[in-house]
Amino acid sequence: MEERLLINSCKKGDAHAQKALFEQYGRGMLLLCRRYIRDYHHAEEVLLNGFQKFFQHIERFEYSGKGSIGAWLKKIIVNECLLFLRQNSTMVFSEEADMDSATVSGDAIEKLSATEILNLIGQLPEGYRLVFNLYVIEGYTHREISEILNIAVGTSKSQFSKARAYLQELLQKNEVIYER
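Note that the structure is a prediction, hence the values are computed from the model and not measured.

### Points about the overall build of the chain
Check the secondary structure of the chain and you find 9 helices and 2 strands. N-terminal to C-terminal, the α/β element order of the chain is α-α-α-α-β-α-α-α-α-α-β. Each of the 180 residues in the chain was classed as buried or not, and the buried ones make up 43%. Sequence-distant contacts in the chain: of pairs separated by 6 or more residues, those separated by 24 or more amount to 70%. A total of about 10,500 Å² of accessible surface is found on the chain, and carbon and sulfur atoms cover 50% of it.

If you want it as C-alpha cells, here you go:
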C-alpha cells in the first residue's frame, strides 16, 4: 500500500494498515532498539511502546514524502529507548580515560560486516554506547546530546572520544589489522 494511504488508514484506526506499517518498519526499529538496549526482550518491549505512542499520536503526523514515516518513528523509538534506560538503569558516564590511543586502519573497519560493527558497539559501556549511537548513527550534535541526556557538552565529547578509543581497543583484541 502506498505510504500516504497507509498513514491515512492508520489515522482512521484501520488495524490492517497498522499491522502493515508495523511489518514494514518493525524489524528496522527493533535493530535500532537493540543498539541502545542490550536485552532482546526489553528492546522488544520498548519497540512495542514506541509503536503504541506512534499510533496514539498519529493525528499529529503530517506525511511529507518518502522517508517521513521512518524519520518520525525513529525519533519516537530513540526517545523510548532513552526513557527506558533512564527508568531502568543507571546511565553512567565515565570521567576517567582508561583506554590507550591505538588507531585502527580504515581498511580494517571496511572488512567488518554491519553485524560485526553493531556487535562491537554493543560491547561498549552504557554511557559510551549512548553517546556514540546518538552522535555517529543518529547524527545529533554534542550540544543536542547534552540536552537529551542532561549532561555537559564536554561530557558528551569525552564519552564519544572514549567510545572511539574503546572500539579501537576491541578491534585490536579481535586481531584486526591496525596502525599505531
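### Considerations on the packing of aromatic side chains
Two measures describe an aromatic ring pair: the distance that separates the ring centres and the angle between the ring planes. Per the counting criterion, the structure on display carries 9 aromatic pairs. A ring pair is formed by phenylalanine 22 and phenylalanine 51, whose centres lie 4.7 Å apart and whose planes are at 65°; its orientation type is edge-to-face. Of this pair, phenylalanine 22 sits in helix α2 (residues 15-36) while phenylalanine 51 sits in helix α3 (residues 40-56), placing them 29 residues apart in sequence. By way of ring pairs, the aromatic residues Phe22, Phe51, Phe54, Phe55, Phe61 and Trp72 are connected into one cluster.

### Details of the packing of α2 against helix α4 (residues 68-88)
For any two helices packed against each other, the geometry comes down to the angle between their axes and how far apart the axes lie. Two numbers describe how α2 lies on α4: the axes approach to 10 Å, and their chain directions differ by 40°. With respect to each other, α2 and α4 are oriented oblique. For α2 against α4, the interelement crossing comes out right-handed. Side by side, α2 and α4 meet where Leu21, Tyr25, Met29, Leu32, Cys33 and Tyr36 of the first sit next to Ile69, Gly70, Leu73, Lys74, Ile77, Val78, Cys81, Leu82 and Leu85 of the second. Considered class by class, the residues forming the contact of α2 with α4 number 13 nonpolar, 1 polar and 1 charged.

### Quick notes on the confidence of the model for the chain
For the chain, the mean per-residue pLDDT works out to 86, and 84% of the residues sit at or above 70. The model gives residues 96-102 a pLDDT under 50, and that stretch makes 14 contacts with residues more than four places away or in other chains.

### Brief notes about the pattern of salt bridges
Across all of its chains, the model carries 4 salt bridges by this definition. Residue glutamate 138 pairs with lysine 74 through a salt bridge whose shortest N-O separation is 3.2 Å. A residue pair is termed long-range when its members are at least 10 positions apart, and glutamate 138 in the loop between α7 (126-137) and α8 (142-149) and lysine 74 in helix α4 qualify at 64 residues. Judged by relative accessible area, which is 30%, lysine 74 ranks as partly exposed. Ionic contacts of the salt-bridge type, sharing partners, join the residues Arg35, Lys74 and Glu138 into one network.

### Observations regarding helix α1 (residues 3-11)
Among the residues of α1, Glu3, Leu6, Ile7, Ser9 and Cys10 are the ones counted as buried. Take α1 and look down its axis: the buried residues cluster within an arc of 160°, on one side only. As for α1, its buried residues are in contact with α2, α3 and α4. Glycine 13 sits one or two positions beyond α1 and adopts a positive phi of about 85°.

Conventions used here
- Residue numbering note: each chain is counted from 1, following its sequence as written.
- Restriction of local features to residues with pLDDT of at least 70 applies here, the model being predicted, together with a cutoff of 80 or more for giving and counting side-chain atom pairs; totals for whole chains, interfaces and linings are based on all residues.
- Think of the side-chain values as coming from all heavy atoms in the structure, minus any hydrogens and water.
- Every helix listed is a DSSP run of H or I at least four residues long, and every strand listed is a run of E at least two residues long, numbered separately from the N terminus.
- Categorising residues by exposure relies on relative accessible area from a 1.4 Å probe, with only protein chains included: less than 20% of the type maximum marks a residue as buried, more than 50% marks it as exposed, and the intermediate range marks it as partly exposed.
- By definition, residues are in contact when any of their heavy atoms lie within 4.5 Å.
- The accessible surface values rely on the Shrake-Rupley method and a 1.4 Å probe; as for residues, cover is taken only from the protein chains in view.
- Two aromatic rings, drawn from Phe, Tyr or Trp (for Trp, its six-membered ring), form a pair once their centres lie within 6.5 Å of each other, and the interplanar angle then sorts them: stacked below 30 degrees, edge-to-face above 60, tilted otherwise.
- Note on method: axes are straight lines fitted to C-alpha atoms, helices fitted across the in-contact stretch only, with angles between N-to-C directions ranging 0 to 180 degrees.
- Orientation is classified from the angle alone, with under 35 degrees giving roughly parallel, over 145 giving roughly antiparallel, 65 to 115 giving roughly perpendicular, and any other angle giving oblique.
- Crossing handedness: left-handed means the near helix sits turned counterclockwise from the far one by under a right angle, and right-handed means the same turn made clockwise.
- Three residue categories are used. Nonpolar comprises Ala, Val, Leu, Ile, Met, Phe, Trp, Tyr, Cys and Pro, charged comprises Asp, Glu, Lys and Arg, and polar comprises the others, including Gly.
- Per-residue confidence from the predictor is reported as pLDDT, a score between 0 and 100.
- What makes a salt bridge here is a side-chain nitrogen of Lys or Arg within 4 Å of a carboxyl oxygen of Asp or Glu, nothing more.
- The reported arc concerns the directions from the helix axis to the C-beta atoms and nothing else.

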